[in-house]
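So you can see what is in the structure, the chains are spelled out below.
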Amino acid sequence: MEPTKYYRSPHQAYRCGLANVGRPCPNGPLGRRCGQSQSDPETCYPIRTLYGWSRLGAWITTLFSLLFVLALLPTWKKKSSLVPGALSMAHAQLLHGTEDHSRFSIKESERCAACHPNVQTMGSKPEGHLASVKIGGQSQLCMRCHIHTIPNGYEGSPHDLTGEDLQELLATVAYPTPKKIANQTTECSQCHREHQGSGENLQTISSERCQACHRKQFESFSKGHPDLENYPEARPRSIAFDHGRHRDLHFAKKNATFDCRTCHLSTSENSVVGNVFRSVTFEQACAQCHLEPLRSAMEEGIAVIQLPSLDRRRLEQQGLSLGPWPEAASQIMDGKLAPLLIEWIATTTEGREVLNRLPRSGQLRDVDLNDRAQAENVTHLAELIRSQLQQLAIEGQPYLRRNLENQTAKYLEANPKRMAKYVSQDTQAPPSSFATVSIDAPRETMLSLWLNQMAGGVPPDMLRLAYENWYGKPAEGSNRLATRTIKQPTRGRYTRWQSSSDATDESLLLEPSKSPDSLLQDSDDLLSLPKPLDQTKAENSANPNTARSIRPLKAWEHLPYGGWFLDETRVAMVYVPQGHADTWLTRWLEWKTLQSNDEEPGWFDDSLSKQCLQCHSVGKDRIAGLFEGNPRTKDPSLVAFHPPDSPSSQQLNACWRIYQRSTAERALTRFSHTPHLTIPTLRDCQTCHHFQAQKGSRDPAFGWSQQGMIVHHEFESMQRSHCASCHTKQSAGDSCTQCHNYHVDLFSHKH
Amino acid sequence: MNRSFPTTLGEKILLSRSGTSSRVLIRPAWILMLLGAGLLIWMRSYWIARLGNEAFVTGYALLLICFALAALGIRKRIHAFRLGPVAVWQSAHHYLGAFCLFAYVLHAGFMPDGWIESILGMLFWTILGTGFLSWYVNRNSPRLLRAAGPAILRSDIPHAKILVGEQACQLAIQAAGSTNSAVIADYYRTKLADFFSTSRPWLYRTFPTGKKRRQLISDLENLERYLDDRGKVLMERMSQLVHDRDDLDFQSAIQNRMRFCAALHTFLLGAFTVFVIAHVWLAHQYSSHW
Amino acid sequence: MSAGSTVVRERPVRWDHPLDPEMLHRDIGWLLSQPPFSELNPNLFLSHGSLANILRHDARILRCEPGDVIVREGDYGSSAFVVLRGSVRAFLVSLWEKRGRPESSAQLGIFQRLKQWIPSDKTSQVGKGLPEGDQQVLNRRHAGRRNAPQSRTIPVQQVKTVEGRSRIFLQDIEAVVADFQSEPLGPGHIFGEMAAITRSPHRFTVLAETPTVVLEIRWQGLRILRRDAGFKEYLDERYRHSGLQSHLRETSLFRFLDESTIEQLASEARLESYGDMEWFAEYKQSASQDIRSRIEHEPIIAIEGTEANDLYLIRAGFARVSFEHGRGHQTVAYLGRGQMFGLEELAQSFRNPNLKPLPYQASLRALGFVDVIRIPRGIVTSLLFPQVRRSELPPPILQPRYDGGGRVVEAPSPAAETPLETSLLEFLVDERLINGQQTMLIDLDRCTGCDECIKACATTHQGIPRFIRNGPQYGPLMFAHACMHCVDPVCMIGCPTGAIARNPDSGVISIDPNTCIGCKTCSESCPYENIVMIQLVDQQGRKMVDKESNLPILQASKCDLCQKLTSGPACQNACPHQALFRIDTSDTKPFQVWLSKKVA
């Protein structure tokens, strides 16, 4: 058709309405109204073009979305409106828990602010921001809750490690890590991505992230991963158990089968290695062989307080009077001072002089009574002992405890390092402003608990009785108190003694095995100690009403279940332990260990100590560490079994138990037996744990001491190839985080 | 006289290339796209390796691409500088658009959740989709337009329709004059009248076909046996008019379809920009590190 | 819209629009007593009534003040002028080194460029953008920049309105006359006729020195007056001396000829003109006829098969080269200004003189108005060819269509040797697209009708596009209604103010909005309807109206090829589908190249 002579302007928002009939206004519309003036013959009604419509639409949508965004922004501190994605389940529960139920619950208006510092005050640091803390505001907010699982998180340093720990770590990295990364502080969100949907597990970290620092990149675990050398690495054992020796010597001797699972299989999985005991109880594993010798060793009991026997006659020849001293211990110079006595005497200066004048060996028989000075010293000693015992008899446990405390204090003062830790506890505690849940600091320290148990184990009335038996009534000086305090307990004593004696009689009657000749046998045993027997006979005859009923006590007869008794023959207060792991015995041994010093041999030469210490190794350090009661103590066993800062009698026994690592402790490498044991071929432990030839280890005895604990390792290191046979991307997975922790505890004691 | 008409860079490119548009651009462009993709992936992994938030890398790359895409719109408004012909820019725009898809998926997967993000995502998909659509429509509309008779300006079509309608009406009146050709008038009254006066249904406007035209014309031809020679002539002219009218409808359908796609493609840009700005700002506010 | 559709327009009748209706009898009587009319033989003009009748319709009397510009160098004029009283000055040197149209070729500053793409809906064609004062300053500045040595005064043009027609005049002509070499023309002198007849720009400027009376005769009248042999001879002589020789020198084939040869050629050459000069008025009307009858109606210049006695040199207009094919005539090519016909045949006979010379192989027809120069064969072979390089001679005709024996039977099919397919060729000719040098060509195989080109055009032209994206269509090729910057710019004929002018450097024809008075002359004379009159509106889009008549102020607008932009035509750059091109259709070669590219 004929193009009429006017220009078309398709890019106008309006077009002339008359264009449809072929004669548009010469200028076209002017905006939305006709360009012609009223004078003109015909004016048009402009039509909005598609161009116009689309531009109108553009404006409207733009305006609308602008309004929408502006309307949304004011609520931006409040909850869900701006959330880019669903939170992971744990955090979601945390944030959306109702106020009254969840103790972590957060007000709805502060939910974003709980993790996003910028939301509180634009761009500025979050309130309570610590200049000392290196990590950024958001990570600090994370640490509010995670400080207990990631104690060193505030450092933000590689693997949460600082100082020599970090250096040690860096030293182990095969390829030198760039300094800038080593000094870099990391943020939580760099690896843990939130808002990825509720199904997302924040702990799945891609191996790429690890290799940000670990530049020695390798294809997979099977290809290029460093070999496992000395894994599982040798760890200190508080019990010197040698698998190899037991299998080859002892089990072989009794030709018993040496099956790992009898001891090591467990059902609980709170162990870091999964449902496998690294250690087993005495009863389960050791008792059948070790109980017998232990029993026999215990029948003797321990002479906790024993009077040395002094030669009254020869002293009188010297013109010295021994003073009150039990007859049974007045014949010859014999025996040596019990450790408790020594410590007590040593509390006073003159006591120390007296002790120093005693012969090196500590054996009284070596005292030369012909030497006047020594003789005097002996009488002096006797004097001191008596006074001490008197004090003890009068005051009882408090006195004992005070003494012990002074001694330990002395020891701790001797090592100021320990002292410091002992005095000021957990310096590592997080700043209060960040601890949402604050766990109370301990009221009583481990030390006090220890002292209580130690002192509490000793029966005071027996102390009195011992004193009476040995020295007669207490001195006038403390008469009133004595007379008053003695009555009640003695009656009680009688009843108890009665019962106990009855018990023994019954036991005698009921035991057919106790044949007359066996009695004779016993009597022979008695006869084997003639003098004291005579003495007791004489004493008994002295007061007839008791003479018949009371025979001198025999530990193995009267106390099969342990307890205290006065041994008249030995003139001693004896404690008979109640089988394995007797509480007071352990305290006693610990005390002894603390007091012992190496230049005095035979400190533990009694058979009972030997029995205990051949398996248990309690070092001074560990005991001292025990007292520190510090959650981050060097003794892992504390962490292992107990929440930090809560002293319990169990915890006191920690250094006797085998240390069982738990999930609470995080090493660089983690391993759990549980999934592996589901695989039939792996059920046999020896598929992985091969016994090692007994040489080539750190020392010929195969086992070395570390912090008073024996380090044993009789197994060959694992082979990477062995693991890699399953651990490939396809089958068992080979990501870094499958076997490695990023957040670790102190690095050094993993070695 | 010897004249020196300005030859722009664009003209050189045009002359250097032959045949259909951007046939020369193709190979380099694809190579460039592959390189770009490689670069993007590398940057992303590098960012991950420095423990950064890779979303920022891909995000800013995406932003950059969006700017580059928007550059076409700006180019179309600048004529004063030697910027090369729009054709070149547009083919670059197409390739960038395809690349943009890749970058987006790398950045946000297919659909993010969260209010702003999902709205942004929807806007993005709409714009991208309409972009691809109009690309496709633009590709084959010249062929269709050529098929539908002589070219006509979109703004002239309404008038043209009116003219054709009038002619048809007059033809019908003329036919009604003689009894031998009255059938044409009847047929006009029954069928053709509203064919000429009313506009076609939506289905036709979106997917125009020649079905209706064929049907009407064959109907007309069926009338032939009732007609004398003069009537036949009228019938021929009438069917010609039907043909013309259908061509006009076809033309307008095709052209409108194209314009509509283009309009859809552009009119969400403002909203998109707003949400992009909001998104970037929030991302910076809420993330602890880059 | 396609080639077939027609314009209903009745043929303009001669003299229904006299040049000057107020022409008075006594004036005419007085005129007839004056030379040169007194010397004409009145009997020759009886077919048109009388000489007086001719003068009444085709002439008018102008009264000029001193300094009025009667003829301005570079303008396309359609009239010759005769000095009746007073004296005028013809300047032999150029007053403005480049034509005083600084704004036409001036580039925009960067800020103006930036301003252009700030989108504005207001279709505000800012009319008369610069007030006169600024215009002068602008002129002065540009002229000053161009004009060296600086000592010369710079002629400052100003526009004034005389008898409702605006006219240009210069200030202080004394200084101008003193500075520039010129010669006075007294009563009886004729000037400006060359431009009128050959439709070429004026070569010199003519000022009124004293209060002067000149008679303006439009070329229609002039042609009739040429029937008087003496008068014609007089005119041709003038042409031979000034125009023809320079024209011959412009012809590339003759560039090695020495002066004497040129002069001899000029003296021997015969000047002829064929057809009607108002071709653009009649071709549309004849467009309805079928091509065959159209070709037969075209005035024939040389007939195929006849003895080739002359070399035809096209001086102005277009000629169709065709030959009989079956019962019709097939177009082989079209010739424009400066092209030759019959060269092959003459060269053939020059190469081997002993053979019988070939007759014309094709016939030459005038498309509308054609001026040709005929150079006799003798001179061509004896003088011309010896001085022309062999390499520049056309290739020999191997298979002549005609030889001495007349039509050769086994002639090759003409299609083989035509550069473009004939139908396209004839389409170009019929639509007179052969006139275009910057024809806008839209490839419909790619055009989606997205109108980006129009947007671009509008933004570069204050919101109004300067072309219509539609037009004659040949298969997939659409020749849109955009100015083609024609070889023969008929639109420029009769522009009263010379607002529409061709930039001599770029050849771009543009309308100066500051001097256009909206007289519609160009818009109506453009045969392609590529000039549109638009109403002027102010910044707010209110339309401007004339003070007295209260009619809207119109202005001619057309494509100016964005010559203000360095980046070339915006429409072409803006096309996203490479569908829009500017192509020189006056020559078949670029078209051919482009087509071959397109098919490839």
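Residues numbered from 1 in each chain as written. Chains lettered and ligands numbered in written order. Predicted model: local features only at pLDDT ≥ 70, side-chain atom pairs only at ≥ 80, totals over all residues. Heavy atoms only, no water.

On to unusual backbone geometry, then. Residue and element names in this part refer to chain C. With a phi angle near 50 degrees, Gln-462 is a residue other than glycine that sits in the positive phi range. Locating Gln-462 in the fold gives a position in the loop between α16 (452–460) and β20 (473–474). Looking at Gln-462, the relative accessible area reads 40%, which means it is partly exposed. Positive phi values are uncommon outside glycine, yet His-485 reaches one of about 50 degrees. Locating His-485 in the fold gives a position in the loop between β21 (477–479) and β22 (500–502). (Helix = DSSP H or I, 4+ residues; strand = E, 2+ residues; numbered from the N terminus. Buried < 20%, exposed > 50% of the residue type's maximum accessible area, 1.4 Å probe, protein only.)

The next thing to look at is the packing of aromatic side chains. All names here are of chain A. Under the criterion given, the structure shown has 33 aromatic pairs over all chains. When the ring of Trp-325 is compared with that of Tyr-471, the centres are 5.8 Å apart and the planes differ by 65 degrees; the resulting orientation is edge-to-face. With Trp-325 in the loop between α12 (312–317) and α13 (339–346) and Tyr-471 in helix α19 (residues 460–471), this pair connects stretches of sequence that are 146 residues apart. We classify Tyr-471 as buried; its relative accessible area is 8%. Aromatic rings pair up to connect Trp-564, Tyr-575, Trp-584, Trp-588 and Trp-591 into one cluster. (Phe/Tyr/Trp six-rings, centres within 6.5 Å; stacked < 30°, edge-to-face > 60°.)

Residues and elements named next belong to chain B. Taken N-terminus to C-terminus, the directions of helix α9 (residues 211–222) and helix α10 (residues 229–267) make an angle of 175 degrees; their axes are 10 Å apart at the nearest point. One way to sum up the angle between α9 and α10 is to call them roughly antiparallel. Where α9 approaches α10, its residues Arg-213, Leu-216, Ile-217, Leu-220 and Glu-221 are matched on the opposing element by Met-235, Met-238, Ser-239, Val-242, His-243, Asp-246 and Asp-247. Class assignment of the residues belonging to the contact of α9 with α10 gives a composition of six nonpolar, two polar and four charged. (Axes fitted to C-alpha atoms, helices over the stretch in contact; angles between N-to-C directions. Parallel < 35°, antiparallel > 145°, perpendicular 65-115°, else oblique. Contact = heavy atoms within 4.5 Å. Nonpolar A, V, L, I, M, F, W, Y, C, P; charged D, E, K, R; others polar.)

Right, let's talk about the packing of helix α4 (residues 86–108) of chain B against helix α5 (residues 115–147) of chain B for a bit. All names here are of chain B. Close contact between α4 and α5 brings their axes to 11 Å; oriented N to C, the two are set at 150 degrees. Comparing the axis directions of α4 and α5 gives the class roughly antiparallel. Once α4 is placed against α5, the crossing between them reads as left-handed. For the pair formed by α4 and α5, the contact residues are His-94, Gly-97, Ala-98, Cys-100, Leu-101 and Tyr-104 on the first element and Gly-121, Phe-124, Trp-125, Leu-128, Phe-132 and Trp-135 on the second. Split into classes, the residues belonging to the contact of α4 with α5 amount to nine nonpolar, three polar and no charged. (Left-handed = near helix turned anticlockwise from the far one by under 90°.)

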